[in-house]
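Take a look at the letters that make up each chain.
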Amino acid sequence: MQTTVTARHCEIPPTLRAHARRVVERVARVAHRPQRPQIVFDVDHQQKLAELKVQLPRGATRVATAEATDFRTALDRAADKLRHQLERASSRAQRAPAR
């Protein structure tokens, strides 16, 4: 799984890039066959934004965005949101009747 890390209007240190990849790998374990995870860091009026995208089979895409005063906090908040979305989707799939 190849993770794309993008920085818009800012510079991201290598340690944060590595941390972001580890976070996405951890979150992706919840998903069923995750594909092409993307992380986007952005700065908007002194607020740091982190956006996580994970594409799933059959064209489904899950996106989580969070903002904070620093990138690490924004990344952790977005990861929690994405994990919640993926857990909810997997529990729905398990409850669906088999055809």
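Definitions and limits used
Within each chain, residues carry numbers counting from 1 in the order of the written sequence. Local features in a predicted model are, by the rule used here, given only for residues with pLDDT of at least 70; side-chain atom pairs are given and counted only at 80 or more, and totals for whole chains, interfaces and linings are based on all residues. Only hydrogens and water are set aside when side-chain values are computed; all heavy atoms of the structure are taken into account. Helical segments are the DSSP runs of H or I of at least four residues, strand segments are the runs of E of at least two, and each set is numbered from the N terminus. Residue exposure (1.4 Å probe, protein chains only): buried if accessible area is under 20% of the type maximum, exposed if over 50%, otherwise partly exposed. What makes two residues a contact is simply this: any of their non-hydrogen atoms within 4.5 Å. Note on areas: Shrake-Rupley, 1.4 Å probe, and residue coverage restricted to the protein chains presented here. In this tally, Asp and Glu contribute negative charge and Lys and Arg positive charge; neither His nor the terminal groups of the chain are included. Note on charges: their place is set at NZ of Lys, CZ of Arg, CG of Asp or CD of Glu. Criterion for a salt bridge: a side-chain nitrogen of Lys or Arg within 4 Å of a carboxyl oxygen of Asp or Glu.

Details of the overall build of the chain
Next, step 1: When you go through the chain residue by residue, the secondary structure sums to two helices and four strands.
Next, step 2: Residues counted as buried form 34% of the 99 residues belonging to the chain.
Next, step 3: Sequence-distant contacts, at least 24 apart, represent 45% of the contacts inside the chain between residues at least 6 apart.
Next, step 4: Approximately 6,600 Å² of the chain is accessible, and the part contributed by carbon and sulfur atoms is 46%.
Next, step 5: Averaging the locations of the 20 positively and 10 negatively charged side chains of the chain gives two centres separated by 10 Å.

Section: the environment of Gln47
Next, step 1: Tracing the backbone shows Gln47 in strand β3 (residues 47-55).
Next, step 2: The spatial distance from the C-alpha of Gln47 to the C-alpha of Thr69 is 5.5 Å, given a sequence separation of 22 residues.
Next, step 3: Residues contacting Gln47, with those up to four places away along its chain left out, are Asp42, Glu67, Ala68 and Thr69.

Remarks on the pattern of salt bridges
Next, step 1: In the structure shown here, the tally under the stated rule is two salt bridges.
Next, step 2: Across the pair Glu51 and Lys53 runs a salt bridge whose closest N-O atoms are separated by 3.8 Å.
Next, step 3: Here Glu51 falls in the partly exposed class, since its relative accessible area comes to 21%.
Next, step 4: Judged by its relative accessible area of 27%, Lys53 is partly exposed.
Next, step 5: Close ionic contact of Asp80 with Arg83 constitutes a salt bridge, the shortest N to O distance being 3.0 Å. Pair noted here: Asp80 and Arg83 are both in helix α2 (residues 71-95), with a separation of three residues, about one helical turn.

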